[in-house]
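# Results of the structural survey
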Amino acid sequence: MPSSIAELVALFDLEVIEEGLYRAQPPVTQFQRVFGGQVLGQALLAANRTVPVERPVHSLHAYFLLPGDPAVPIVYDVDNLRDGRSFSARRVAARQHGKHIFYLTASFQIEESGLEHQDVMPAVPDPDDCPTLEQSIEAIRGPEAAARMAEEFAALDVRYAGSSSVGGTLSDPAHPALARMWLRANDRLPDDAGLHRCVLAYMSDLTLLHASLVPHQVLIDAMARASLDHAMWFHRPFRADEWLLYDQVSPSAGGARGLSFGRLFDADGMLVATAVQEGLIRPGQAG
């Protein structure tokens, strides 16, 4: 996975095969399957390439159909569903080995003014007062797992801001599964708002499913885990290279699936995006 901002930006440099058809080269990774956030971000970028820049994405809905093969390129085929006066819609199919591995539908809108309100950002420690993702993983899973994650996601800066796990710092009887993270790209990104949305989509898949495991005393390595579907709504402008609080809650787990919601706030308390994901959390060997 990207070990620097340059490699992260290169991950979103899609090769144009023909109009509406793109190819992404695989990054170097130790994972046995493609990271879901990579496919999500690249598919969004492919869709974004076919829409005028004055129509930013405001929502996306995606399904992960098959595990991606990290050893071969992914082809993204964009279907133009609609271009209206205010909105555009695109559908993206991701393929490998002649099979569909992923589908995304995204909606784009010209920027308009209207009514405004939002939730209040929860009170959390500052990022500098929070342990890094590597430190948090090392405390739970040991130094080998921590080093592997640090290497795979070296282009990101992620800080653990609390959870409702046993011995955790958060507690809410109405919500037994809570987890909060600060996250950002670890260096300056180009001034391209579309790229920042793609990078946020990439980052949004990193910890959201794990919120559904927070109240359960289970070893992550003893669970089969996989993203099944993912949705995002983009509310306000932001930069993915500046701190964003990922406030995550899992309202339900059952049937070997976990559902998680995530609100993303910038450091000034503005709610910039919302993500929802359901994923497989099946006891057994992690695949």
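For the structure itself, consult the block above.
An account of the accompanying structure is given in this report. (Residues numbered from 1 in each chain as written. Predicted model: local features only at pLDDT ≥ 70, side-chain atom pairs only at ≥ 80, totals over all residues. Heavy atoms only, no water.)

The next point concerns the nonpolar core. Here is a general trend for soluble globular proteins: nonpolar side chains tend to be buried in one another's company. If you look at the biggest cluster of nonpolar residues, it comprises 64 residues, and the most contacted ones within it are Leu-8, Phe-102 and Tyr-202. Here Leu-8 is in contact with Pro-2, Ala-155, Leu-156, Ala-185, Leu-189, Val-199 and Tyr-202, once residues within four sequence places are set aside. Counting eight residues, the second largest nonpolar core, distinct from the first, contains Cys-130, Ala-161, Trp-243 and Leu-271. (Core = buried A, V, L, I, M, F, W, Y, C linked by side-chain atoms within 4.5 Å. Buried < 20%, exposed > 50% of the residue type's maximum accessible area, 1.4 Å probe, protein only. Contact = heavy atoms within 4.5 Å.)

As a further point, take the packing of aromatic side chains. Taken as a whole and judged by the stated rule, the model has seven aromatic pairs. Aromatic side chains Phe-12 and Tyr-202 sit 6.1 Å apart centroid to centroid with 85° between the ring planes, which places their arrangement in the edge-to-face category. Note that Phe-12 is positioned in the loop between α1 (5-11) and β1 (15-18) and Tyr-202 in helix α5 (residues 193-204), a separation of 190 residues in sequence. Aromatic pair Phe-35 and Phe-153: ring centres 5.1 Å apart, planes at 75°, arrangement edge-to-face. Of this pair, Phe-35 sits in the loop between β2 (21-24) and α2 (36-48) while Phe-153 is found in the loop between α4 (143-152) and β7 (156-163), placing the two residues 118 residues apart along the sequence. Phe-35 gets classed as buried once you look at its relative accessible area, which sits at 10%. The class for Phe-153 is buried, based on a relative accessible area of 6%. In textbook terms, an aromatic cluster arises when at least three aromatic residues are bridged by ring pairs, as seen for Phe-12, Phe-31, Phe-35, Phe-153 and Tyr-202. (Phe/Tyr/Trp six-rings, centres within 6.5 Å; stacked < 30°, edge-to-face > 60°. Helix = DSSP H or I, 4+ residues; strand = E, 2+ residues; numbered from the N terminus.)

To continue, consider helix α3 (residues 133-141). Taken together, the buried positions of α3 are occupied by Leu-133, Ser-136 and Ile-137. End-on, the buried residues of α3 take up no more than an arc of 95°, which puts them together on one face. Residues of α3 that are buried sit in contact with α4 and β7. Within two residues after α3, Gly-142 carries a phi angle of roughly 100°, on the positive side. (Arc of directions from axis to C-beta.)

Turning our eyes to something else, we now look at the pattern of salt bridges. Summed over the entire model, instances satisfying the criterion amount to 15 salt bridges. Residue Arg-90 is joined to Asp-83 by a salt bridge in which the shortest nitrogen-to-oxygen separation is 3.1 Å. Exposure remark for Asp-83: the relative accessible area of 47% places this residue in the partly exposed category. Residue Asp-157 pairs with Arg-159 through a salt bridge whose shortest N-O separation is 2.8 Å. For Arg-159, a relative accessible area of 14% translates into the label buried. The structure contains a network of salt bridges with shared partners spanning Arg-188, Asp-191, Arg-239, Asp-241 and Glu-242. (Salt bridge = Lys/Arg side-chain N within 4 Å of Asp/Glu carboxyl O.)

Turning our attention to the sheet that holds β2. The strand order across the open sheet formed by 12 strands is β1-β2-β4-β5-β6-β3-β9-β12-β11-β10-β8-β7, and the pairing between neighbours is antiparallel. Both outer strands of the open sheet, β1 and β7, are each paired with one neighbouring strand and no more. Here the strands of the sheet are splayed against their neighbours by 25° on average, with no regard to which way each runs. As defined by bridge partners, strand β3 (residues 57-64) adjoins strand β9 (residues 223-234) across five bridges and the pair is classed as antiparallel. Across the sheet, residue Leu-60 finds its bridge partner in β9, namely Met-232. Contacts between α2 and the sheet are confined to β2, β3, β4 (74-83), β5 (87-96), β6 (99-109) and β9, with β4 contributing the most and set at about 45° to the helix. (Pairing = 2+ DSSP bridges. Axes fitted to C-alpha atoms, helices over the stretch in contact; angles between N-to-C directions.)

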